[in-house]
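Here is how the chains run, residue by residue.
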Amino acid sequence: MEVDAGNQKIPLGERDCALKPSEQTVGAERQRPTWSGRLEFILATVGYAVGLGNVWRFPYLCYSSGGGAFMVPYLIMVLLCGIPLLFMEFSIGQYTRLGPVHALAKICPLLKGVGLATVVISFVFSTYYNVLMSWALYYLFNSFGATLPWTSCNNTWNVVENCSSGFHGNTTHLQSASQQFFDHRLLQKTNGIEESGGIRWELFGYLIFSWVIVYLCIFKGIKSTGKVVYFTAIFPYFILFALLINNVQLPGAMNGILYFVTPVWGKLFEVKVWVNAAAQVFNSLGIAFGSMISMASYNKFNNNILRDALIVSLANTFTSILAGFVIFSAIGYMAFIHNLPVDNIATDGPGLVFVVYPEVLSTMPAYQLWAPLFFFMLLCLGLDSQFANVEVAITFIKDEFGPQVLAFLKREELLTLVVCIIGFILGIPHVTKGGIYVFQLMDHYTAVVSLMFLAFFEVVAVCWIFGVPGICTMIKRMQGKTPFIYFRVCWLLLCPLLVLCILMSSIVQYTPAHYGKYSYPGWAEGVGWGVSLVSIVWIPLGAIQEIYSNKGSLLQRLKTSIISKIDLDAEDPLPEKQNLDNPASETLFTSVA
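Residues numbered from 1 in each chain as written. Predicted model: local features only at pLDDT ≥ 70, side-chain atom pairs only at ≥ 80, totals over all residues. Heavy atoms only, no water.

1. A word on the nonpolar core
One recurring pattern in soluble globular proteins: nonpolar side chains tend to sit buried together. Counting residues in hydrophobic clusters, the biggest one holds 193 residues, and the most contacted among them are Trp135, Phe282 and Leu378. Counting residues per element, this core draws most heavily on helix H18 (residues 435–479), which supplies 25 residues. Those residues within four positions of Phe282 in sequence are excluded, and the remaining contacts are Cys81, Leu85, Ile287, Phe289, Leu451, Met452, Ala455, Val499 and Ile502. (Core = buried A, V, L, I, M, F, W, Y, C linked by side-chain atoms within 4.5 Å. Buried < 20%, exposed > 50% of the residue type's maximum accessible area, 1.4 Å probe, protein only. Helix = DSSP H or I, 4+ residues; strand = E, 2+ residues; numbered from the N terminus. Contact = heavy atoms within 4.5 Å.)

If you want it as structure tokens, here you go:
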């Protein structure tokens, strides 16, 4: 039997000497699966990075944080944190060929809990992120009628006394028909998280449908998702460009664009603006979620990850700015139609794409075309990110418990099904009539509070304890040259200090979660902090377990726990070679797209 190593056919018994260090196995006939082409990995990572946050969070942050002035801290954070840390995560995954849990445990045993924490936060994120997919599906299927149902006040769900078929901004007691469709038809929301109000059965059905779509796209691992991303990662760009071309021709569009890009330089002196810029970079690029490490672990050993990191970072930044032009050109048109200032229309969070933009679409020429395309685009953007979030958990289970789990379930597809079912069950509270309050609470304490803690400890583990020389050695063995001094300075000094500043600022400027004017009761805040601790707690627990398992005095145990288990001078980068004779190892799928 022969295997392909480069352009040569090498007998199986001789291949260990011919393959790259990370490709060697112990008497195995099967290798860890890899992406079938460079483009699949790039599309998968771009698809994961470019999500719904690019469409609503970035435009709103730019609008509320000084317009064009926000671009300064945002681009600085991309250059000093985003690109270097993405390059670092790609390097870890590609060199170790392991998911985040096992890779970080080998790099820094003391902080091995960081890897598990990234898996937990990704899975928690996936349980409520798919709710957005159910909303997008709901709007998509309601946009095929002769008229759009959110344009009129003559429906059974409207509160006629304060409903307006036009948009009266944020300062009056009137609500737009679009807002009432979202509140009273889609959500049927209650007065607070204290009132669950029972399940919204339509959304329950759409939530099942969205999980079925996710399962069908990932149940074969990289064999299926690697092909799906060719469509889901590229299609949204066609829609964004088409919408932009259409929008800029509408009256008032330039006013919205000017509002979006006009700098308010005084905002640069506000710490919150810099914190928002950094948080957007981390959320958007998926730093500290574990997904990028997992996806890179299925690259070939000498894949050009520097090129890929630059492509993903630039594509993500470009998409955010493009989405800003699309959204604010439409908002400018809407302000013109209703004779309102632009700042009276823009809103935060899901409201931007599920309230304001549907209202904009209803006033556009050929809305029967644009409305379905827009919501289908949202579905594609969300699915790309959801694939990765779910498969991080699947990868961890296979890496850690593969033989036991597959001995019980027999097929890897059943493991994927079980994970999706658990994610669906945990998402049910979000599709109750009080589900929007649960959603906002989870998003605040997962995407804001937990993430900065994980990012800080990941940077400390890799950049300071494992060390920049170690990172450089890994990259040199894969790429043939040491990374530029720019990256070394960022890893050694700028990234840790900036992340620490962001973390401290987030703590000092902490504000409790809220939804509009609604403030959460104390017990709900406690639940929110509990959600944060579900991921963060693994960091101290992992450190305690590692120190306890070592021998000697406390100082000796501590010293032992910070010694990397990756021997950078050995022939094989890992001291424990992967045994792919194990049936579980054959299909260690990782998070893709």
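2. Brief notes about the side chain of Asp183
In this fold, Asp183 is placed in helix H7 (residues 177–187). Residue Asp183 is classed as buried on the basis of its relative accessible area, which comes to 3%. The residues touching Asp183, leaving out its near neighbours within four places in the chain, are Gln175, Gln188, Lys189 and Tyr515.

3. Section: unusual backbone geometry
Its identity is not glycine, yet Arg97 carries a phi of approximately 55°, on the positive side. Along the polypeptide, Arg97 turns up in the loop between helix H4 (71–96) and helix H5 (100–107). Judged by its relative accessible area of 5%, Arg97 falls in the buried class.

4. Here's the deal with the state of the cysteines
Counted under the stated rule, the structure contains 1 disulfide. Each sulfur of the disulfide joining Cys153 and Cys163 lies 2.0 Å from the other. Negative torsions about the S-S bond denote left-handed disulfides, and the value of about -80° found for Cys153 with Cys163 makes this one left-handed. In this pair, Cys153 sits in the loop between helix H6 (113–141) and strand S3 (163–164) while Cys163 sits in strand S3, placing the two residues 10 residues apart along the sequence. Cys153 sits in the buried class, given a relative accessible area of 14%. A residue is classified by how much of its surface remains accessible, and Cys163, at 13% relative accessible area, is buried. Between Cys81, a free cysteine, and Cys495, which holds the nearest cysteine sulfur, the sulfur-to-sulfur gap is 4.5 Å. According to the relative accessible area criterion, Cys81 is buried, its value standing at 1%. Cysteine Cys217 remains unbridged, with the sulfur of Cys380 as its closest cysteine sulfur at 9.6 Å. (Disulfide = S-S within 2.5 Å.)

5. Topic: the packing of helix H3 (residues 52–64) against helix H12 (residues 271–285)
Closest axis-to-axis distance for the H3/H12 pair is 11 Å, and the angle between their directions is 175°. On the basis of their axis angle, the class for H3 and H12 is roughly antiparallel. Each of Gly53, Asn54, Arg57, Phe58 and Leu61 in H3 lies in contact with H12, whose residues at this interface are Asn276, Gln280 and Ser284. Tallied by class, the residues present in the contact of H3 with H12 amount to 2 nonpolar, 5 polar and 1 charged. (Axes fitted to C-alpha atoms, helices over the stretch in contact; angles between N-to-C directions. Parallel < 35°, antiparallel > 145°, perpendicular 65-115°, else oblique. Nonpolar A, V, L, I, M, F, W, Y, C, P; charged D, E, K, R; others polar.)

6. What to know about a nonpolar patch on the surface
Where nonpolar side chains cluster on the molecular surface, the patch consists of Trp464, Ile485, Val489, Leu492, Leu493, Leu497, Leu500, Met504 and Ile507 and spans about 810 Å² of accessible area. The element best represented in the nonpolar patch is helix H19 (residues 485–508), accounting for 8 residues. As for its placement among the helices and strands, Ile507 is situated in helix H19. Here Ile507 falls in the partly exposed class, since its relative accessible area comes to 47%. (Patch = residues over 30% accessible without salt bridge, like charges linked within 9 Å, V, L, I, M, F, W, Y side chains within 5 Å. Areas by Shrake-Rupley, 256 points an atom, 1.4 Å probe, with all protein chains shown as cover. Salt bridge = Lys/Arg side-chain N within 4 Å of Asp/Glu carboxyl O.)

7. Quick word on the packing of aromatic side chains
Counting across every chain of the model gives 47 aromatic pairs. For the pair Phe260 and Phe325, a centre-to-centre distance of 5.5 Å together with 80° between the ring planes defines the contact as edge-to-face. A residue pair is termed long-range when its members are at least 10 positions apart, and Phe260 in helix H11 (residues 253–261) and Phe325 in helix H14 (residues 305–338) qualify at 65 residues. Look at Phe260 and you get buried, because its relative accessible area is 0%. In this structure Phe325 comes out as partly exposed when scored by relative accessible area, which is 25%. (Phe/Tyr/Trp six-rings, centres within 6.5 Å; stacked < 30°, edge-to-face > 60°.)

8. Quick word on the side chain of Ser126
When you line up the elements, Ser126 lands in helix H6. For Ser126, the contacting residues outside a window of four places in its chain are Trp211, Gln386, Asn389 and Val390.

9. Notes on the environment of Tyr548
Topologically, Tyr548 is positioned in helix H21 (residues 538–549). For Tyr548, a relative accessible area of 67% gives the class exposed. Taking C-alpha positions, Tyr548 is 9.8 Å from Ser561, a pair spaced 13 residues apart along the chain.

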